[in-house]
Every structure is written in C-alpha cells, then in structure tokens.
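What the coordinates show
The chain contents come next:
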Amino acid sequence: MRANHESYPVAIERERRSWALVGVLFALYGLICAASFLPHVRLWGINHLAFYSLPIRLVALAAMGIVFVPAVARRVYAAAIRLPTAFVGRDWQTTLLVVAVSLMCALFFWYSRSSTNLLGDGQLIAQSLEAAHEGNTIVAIISPRAIWIVQPTAFGAMTLFFWATRVATGVFGVPPVDGIRLLNCLLGGLFVFVFLRTIRSENLPSHIRPWVFFLILFSGTMQLFFGYVEYYAPVMFLTLLYVIGSYRVLRGHGGISIPLVLFAIALFTHAEALLFAPSLVFVVAWRYTQNRHTHLTKMLMPSLIAVTVLAAIVAGKLPKLGDYYLPLLGTEASYGVLSPAHWADMANALLLHFPTLPLFVTMALMCIRTPRPVTEPLSGKVESRDAPRVRPWFSSTAEWHFAVLIVVPCVLLLFLFDPEIGMARDWDLFAVTVPGLMLLAFLSLGRLDTGGTGGPSRAIYTSPALVMTVILGAAWFGINASPNRTIQRFESVLTYETSYAGYAYETLAIHYEKLEQLPKAIRAMEKATEASPNPRLRVGLAKYHRQSGDLQRAIDILHTVLEKHPGYAKALYHLITSYEQTRQYDKIVEVAREGIKHNPQSSYLYLCLGAALLELGQTEEGIGVLRHCRTLNPPSEVAEEIDARLRQHERKLPE
C-alpha cells in the first residue's frame, strides 16, 4: 500500500515537470520564430533561418511547431528511440558500423569543407603556410622554430598544422590550407567515434540514446571540424577527452594518469587549456584524498576558485597580457567590463550555442528534481529507504565541484578579457565555452541514468527539443557551407558590429574575390581600412587593385604602408610582385635593399634582389647576392631557383 501511496505523488510530480519543460521549450520556440525574421538584429545564434528563403523558413518553423502536439511528439519520440539502437551492442558488426559512420562523417566534413571561416588569424595561418609552400620566407611560418617565435601560445596546434600541410602537399597534392582542413575533418570523425562508443553501452537506457545521437550529429561543436582553419579544433578535441577522462575518475572507473596526459597534451597544443588547470588540481586532490568528507576536502573547491580569481587579477597587471583586459568602466573610446554593451555582447555570444540549447536545457531541468537513489555513488552516504528525496543536478558533490571549476575560469575569461566579443569574432568565444556545455551534457546524462519520467510524458518535451536541435543545427551547417549565405550573414553583422567591423568587411571582400566580384571586394576592403588601422587590410586592398589591373594604385597603397611599417613582410612581398608585373627591376632592387635592412635573414628578399640585378645586367653583383642567399639555408623551392639562375648566369662572368 505504501508503494502505491508513494507512486501517485511521484507520478503527479513527473507530469508537472514534463509540462514545465514544454513551457520552457515553447518559449525558446517563440524566440526562434521572431529571430527568423530579424536578420539585422543582434541575435546571431538563433536567427540562422533568417538567411534562408521564406518558404524554407515557414516549413522549418512549422515542423518545429507541430511537434508540440502530443500525438505527433509521441510518434517522433518512438522514431528517435529506434534510430540509435543500430549502434547498441559489442559484436563485430556493430563495431564495423561505428567505424563506418565515423569515417562517413569525416568524409562529409571534407566534402562540405568551407573557407567561410577564414577570419583574422585563420587567414594569416592559411596565407603564411601557402607562402611557405611557394618558397616565400619573409611572410611564412616555415619551421617549428619560426612557429615558436610567431605563435608560442598555440605552438603544438600550429606545429601539427605545419606538418599536416607538408603531408597534404607532398602526399595528396592539395593546397597547404586543405591539409589543415583534412586534419580537422579527421578529428571530427574521431569525435563522432567517441560519442558512438557511448551509445554502444548496453547499460545506457534507451531514452538517453537519442540525446547522445543527436548531440553527435547536430552539436555546434561539429562546426569546429567543418573545414575551420584556426588553432582551436585540436585543443577542443583534447579538452573534451580530458573532461570525459576526469569524469570517469570521479566515478571510480579510471586512473588519474589519463586526465593528466590529456591535459598536458592539450596545454602543449594551445595555452587556452590553462583554463582547465583548477579542475585538474581538484581531480588529483580528490583522487588521493583518503577521507573525502574532511573539512579540507570541502574547502578545496572554494579555495581553488579564490586562487583562480586572484590569478586572473594578477594576469591583468602583467605588461603584455594585461593589454587584453577590459577596463572596469571603459572610456569614450571603448567600453568596459561593467558597461551595458559588454553585457549585451556576452549574452548575445552565448546565443551561438542555441542550436544545442534545447538539448542542454531539457537535460538540466530533468535533473533538478530527480528522486535520490538509495546510496550516493561517490560519497558512500546511505539515505533512508522510507521516503524518496530530491537531489541537485549532478550525481555527486565531487562532480558538481569539478563542473564549477571549469565554468568559473571560462566565465572570467569572457568577462574580463579584451577585445570585445563581436559577432565577427564568434569562434574565439565558441572554443572557450563548449567544454562547459559538453560537461553539463555528460553530467546530465549520468543523472538521467538514475531516474526520469515515464515514456509517454517524456515524449512531449523530448521531441520538440530534438527537432529544434536538428533544424537549427542543419541551418548552422548550411550558412557556413554557402558563400552567398555567409555574405548575407556578414552584411547583416555590419548593421550592428562596430568593435571589429574590419574583420567582417575583410571577410566580405574575400568572398567577393572568390566569386570574382572584384569591384565589390575593393569597396568592402576600403570600408575595412576605414574601420581598422591594421596594415594587413591595406595590403589586401592593394592586392585587389593589382588584380583588377590598377597597378599604380596598388603600388601607392603599399608605399604608404611601408612608410609606417618599413619591415612589413606582406607589403614588401606584394610591392615586389607589383613591380615584377611592370618589369621595373630598378624599383625591385630599391625595395629589396630596404627590406633586407629590416629582414637580414630573408632568403626571399635576397633572391628578389639578385634576380633583379641580373635582369638589369649587373651580373657579377647579382651572382654574389645569390651565392650569399644560398648560405642562408633557404627552402628547397628557393634553393632550386637560385641554383638555376646561377647555372644560367655564372658562365657570363669573365674568366
């Protein structure tokens, strides 16, 4: 009788919770509907559908809306439950299927690779590696040693990319930038493999598998492997594995060596992994603490938070690192930490994760009031069997503390650091916040394993969450895979972007160039130079003028850049190229000599100088310059050209 007496209020509680979740998801659906018709409002993250035609928008919104009907929701839920069952089991057929699907995903990423994400540093990486392949040593990352000088914070990732480009060009014969894309696509396939391995567990309840399955296919994290040329894909993959490994340690299913190794590799890959240092200290201390209920253990998490905050404050006082911090109140020229504009930017940037937000929100709310099991898995505390209790989101205090120690450093980074988080720089933020969201997903899945609502009521909130995730995730992919939609996106960004408008205009110009619309590319780059003093933008403008045939205008712009930045490698390279087109070898000699004063080890400049002298008939001096250039250990392409010119002209010297 008591069991029956207790089951009734539990059922009522489950029903109330189900409809509360439906209400939350319906409010999110309303926001999506409004944002789908507001492309020029600062709602990037939930306005993906606004960049599609009206019929597509209406069909997508209708598909999301109809799933709120209980009868439809139950049918969709039944299909979602059946879909992942093909991956359940540990026989060789299932293993083969998991491997095949992971490889297919990697191939899909490669097929759908897009250059739409070559923003800022991504452009520099791609252009530098391509220049290195062509033998241009003054604008190129040509060795791991050069990487350490140019980009020490991402030394591991850049070195990995460097060798990936060598393999791409040497083995597959594709452009260097495709080597980076290939590496990211392989990481994406491996990421899918890790999640499919999670689904394989026969102990995983059937109602949890759809969440994992759709998280695999439509998580915004996938965009990092979508041909994205930047530093972040390797460190993101490694930190996610670190979170999984640490979570297993806290559950008593793994050793501490795995998180330690993964953290070390992630830190070598990118300095951003330092954000996970407090959580690693906690895991190590927790693992080797004999009595986990001592006062010392309870104070470990708040103590680590205090140290983290103190470290963030001290970092802001350092000579170079402090330049990246926002002022507290800001000035007329820039906003500060406490300014409404900064808070609006942070809130809007978090909307970037909206394609997966229905999944995460629903998971989290499902865990708020889940009946407590008889024993606390990680603490050993035994609860009374007489009355059901409620417990917080996570499965144990240790997991909660671990989650907080990841979230706090990420929030501090977003809250304190400059530059502003503009919509043209969304991927910097994206890379930082994904681990926290993924951790929430894993912990929520763990809590769902101990209880949850019944099948019929579960369908009415699971189905809308999954359908919203699928549609917004697909729209996310579609925008980044289409140059035209990306152009529309950046044009809309420029209606409100002021902090880093130069990035957006530069990206527009790059896409116009690829579409062979040079007049539009020139106009976009002119606006970029008006919005930012970055000399790279002026060099880009000169390049477009040169491509359009206006060589004199390009030369004038490059001379203006070199007056302020006399050793700027990109300007020297494009100026020499412009003079080569007009066969003004005397000008090349002048530019190369001046450039060598600022880049004395540049084999490229010596090659240009020697070749120009030879063209001017100054054979003896030209050969001397080329011989000196040969002693600078130039890249193989440069060395081959030097040797060819020496063989051609040395016989002209008098005996």
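Residues numbered from 1 in each chain as written. Predicted model: local features only at pLDDT ≥ 70, side-chain atom pairs only at ≥ 80, totals over all residues. Heavy atoms only, no water.

1. Observations regarding the overall build of the chain
Operational definition: Secondary structure elements are taken from DSSP: a helix is a run of H or I of four residues or more, a strand is a run of E of two residues or more, and numbering for both begins at the N terminus. Using a 1.4 Å probe on the protein chains alone, a residue whose accessible area is under 20% of its type maximum counts as buried, one over 50% counts as exposed, and one in between counts as partly exposed. Whether two residues are in contact is decided by their heavy atoms: any pair within 4.5 Å suffices.
A tally of regular secondary structure across the chain gives 28 helices and two strands. The buried share of the chain, reckoned over its 655 residues, is 54%. When contacts within the chain are restricted to residue pairs at least 6 apart in sequence, those whose partners lie at least 24 apart make up 68%.

2. Looking at the packing of helix H26 (residues 603-615) against helix H27 (residues 619-630)
Test applied: An axis is simply a line fitted to the C-alpha atoms; with a helix, the fit covers only the stretch in contact. Between two such axes, the angle follows the N-to-C directions and lies from 0 to 180 degrees. Comment on the angle field: the value is read as roughly parallel under 35 degrees, roughly antiparallel over 145, roughly perpendicular from 65 to 115, and oblique elsewhere. In a left-handed crossing the near helix is turned counterclockwise from the far helix by less than a right angle, and in a right-handed crossing that turn is clockwise. Here the term charged refers only to Asp, Glu, Lys and Arg, the term nonpolar to Ala, Val, Leu, Ile, Met, Phe, Trp, Tyr, Cys and Pro, and the term polar to all other amino acids, Gly among them.
At a closest axis distance of 8 Å, the pairing of H26 and H27 adopts a crossing angle of 160°. By the angle between their axes, H26 is roughly antiparallel relative to H27. With respect to the hand of their crossing, H26 and H27 are arranged in left-handed fashion. Contacts between H26 and H27 involve Ser603, Tyr606, Leu607, Leu609, Gly610, Ala611, Leu613 and Leu614 on the former and, on the latter, Thr619, Glu621, Gly622, Ile623, Val625, Leu626, His628 and Cys629. Split by residue class, the contact of H26 with H27 holds 10 nonpolar, five polar and one charged.

3. Side note on the environment of Thr159
In this fold, Thr159 is placed in helix H7 (residues 155-172). Taking relative accessible area as the criterion, Thr159 reaches 13% and is therefore assigned buried. Each C-alpha atom of the pair Thr159 and Arg145 lies 9.4 Å from the other, and the pair is 14 residues apart in sequence. In contact with Thr159, not counting residues within four places along its chain, are Pro144 and Ile147.

4. Some details on the packing of aromatic side chains
Spelled out, the test is: Pairing of aromatic rings covers Phe, Tyr and the six-membered ring of Trp, with a centre-to-centre limit of 6.5 Å; geometry is then stacked below 30 degrees between planes, edge-to-face above 60, and tilted otherwise. The rule for a charge over a ring is simple: NZ of Lys or CZ of Arg within 6 Å of the ring centre, and within 35 degrees of the ring normal.
Within this structure, the stated rule accounts for 12 aromatic pairs. On the numbers, 6.4 Å between centres and 50° between planes, the contact of Tyr242 with Phe402 is tilted. One end of the pair, Tyr242, is in helix H10 (residues 232-250); the other, Phe402, is in helix H16 (residues 397-416), with 160 residues separating them in the sequence. Looking at Phe402, the relative accessible area reads 1%, which means it is buried. Cation over ring: Arg287 sits above Tyr288, and NZ or CZ is 5.5 Å from the ring centre. The residue whose ring lies beneath Arg489 is Phe490, and the NZ or CZ to ring-centre distance is 4.6 Å.

5. A word on unusual backbone geometry
Its identity is not glycine, yet Glu516 carries a phi of approximately 60°, on the positive side. With respect to the secondary-structure elements, Glu516 resides in the loop between helix H20 (501-514) and helix H21 (518-531). If you check the backbone angles, Arg583 has positive phi at about 55° while not being a glycine. Within the secondary structure, Arg583 sits in the loop between helix H24 (569-581) and helix H25 (585-598). Residue classification places Arg583 among the exposed positions, given a relative accessible area of 57%.

6. Considerations on the nonpolar core
Taken as a class, soluble globular proteins show a tendency for nonpolar side chains to be buried jointly. To keep it simple, the criterion reads: Here, nonpolar core refers to any group of buried Ala, Val, Leu, Ile, Met, Phe, Trp, Tyr and Cys residues whose side-chain atoms link them within 4.5 Å.
Within the largest apolar cluster, 58 residues are counted, with the highest numbers of intra-cluster contacts made by Met64 and Leu196. Among the secondary structure elements, those contributing two or more residues to this core are helix H1 (2-35), helix H2 (54-66), helix H4 (92-111), helix H8 (176-200), helix H9 (209-218), H10, helix H15 (357-368) and helix H18 (455-481). In terms of residues, this core owes the most to one element, H18, which gives 10 residues. Core analysis: the second largest hydrophobic core is formed by 55 residues, Leu508, Val539, Val591 and Val625 among them.

7. So, helix H28 (residues 636-649)
Going by this rule: By this rule the span expected of a helix is its residue count minus one, scaled by 1.5 Å.
An ideal rise of 1.5 Å per residue puts 20 Å on 14 residues; H28 measures up with 20 Å between its terminal C-alpha atoms. Where H28 is buried, its residues meet H26 and H27.

8. Looking at the packing of H24 against H26
Between H24 and H26, the least distance of the axes is 12 Å, while the angle of their chain directions is 20°. Viewed along their axes, H24 and H26 adopt a mutual orientation that is roughly parallel. Judged by the twist between their axes, the crossing of H24 over H26 is left-handed. Of the residues in H26, those in contact with Leu572, Tyr573, Ile576 and Thr577 of H24 are Tyr604, Leu605 and Cys608. The class makeup of the residues in the contact of H24 with H26 is six nonpolar, one polar and no charged.

9. Some details on the pattern of salt bridges
Quick note on the threshold: Basic side-chain nitrogens of Lys or Arg form a salt bridge, by our definition, when they fall within 4 Å of a carboxyl oxygen of Asp or Glu.
Tallying each qualifying case throughout the model produces seven salt bridges. Linking Glu506 and Arg536 is a salt bridge whose minimum nitrogen-to-oxygen distance equals 2.7 Å. Placement of the pair is Glu506 in helix H20 and Arg536 in helix H22 (residues 535-548), with a sequence separation of 30 residues. For Glu506, a relative accessible area of 4% puts it in the buried group. Linking Glu594 and Lys597 is a salt bridge whose minimum nitrogen-to-oxygen distance equals 3.4 Å. Remark: Lys597 and Glu594 occur in helix H25; sequence separation between them is three residues, near one turn of the helix. Assessed through its relative accessible area of 64%, Lys597 is described here as exposed.

10. Some details on the side chain of Arg458
Applicable threshold: Polar contacts here mean pairs of N or O atoms no more than 3.5 Å apart (in protein, one a potential hydrogen donor and the other a potential acceptor; neighbouring residues in sequence count only if both atoms are side-chain atoms).
Looking at the element boundaries, Arg458 is found in helix H18. Within the structure, Arg458 has its side chain in polar contact with the side chain of Tyr77 (distance 3.3 Å).

11. Some words on the environment of Leu300
Tracing the chain through its elements places Leu300 in helix H13 (residues 295-315). The sequence separation of Leu300 and His401 amounts to 101 residues, and the corresponding C-alpha distance is 8.9 Å. Those residues in contact with Leu300, other than ones at most four positions away along the chain, are Phe282 and Ala285.

12. Let's talk about the confidence of the model for the chain
Spelled out, the test is: Known as pLDDT, the predictor's confidence for each residue is given on a scale from 0 to 100.
Here the chain shows a mean pLDDT of 78. Residues at 70 or above account for 77%. Per-element averaging of pLDDT across the chain places strand E2 (residues 390-391) at the bottom with 42 and H2 at the top with 96. Across residues 1-6 the pLDDT falls below 50, and counting only partners more than four positions away or on other chains, this stretch makes three contacts in the model.

13. Thoughts on a nonpolar patch on the surface
Rule in force here: Every patch collects residues that have over 30% relative accessible area and no salt bridge, joining them within 9 Å if they carry like charges and within 5 Å if they are nonpolar side chains (Val, Leu, Ile, Met, Phe, Trp, Tyr). All accessibility values rest on the Shrake-Rupley procedure with a 1.4 Å probe; residue burial counts only the protein chains present in the view.
A grouping of Phe37, Leu38, Val41, Leu54 and Leu58 is seen on the molecular surface, where their side chains present a nonpolar patch of about 410 Å² in accessible area. When you line up the elements, Val41 lands in the loop between H1 and H2.

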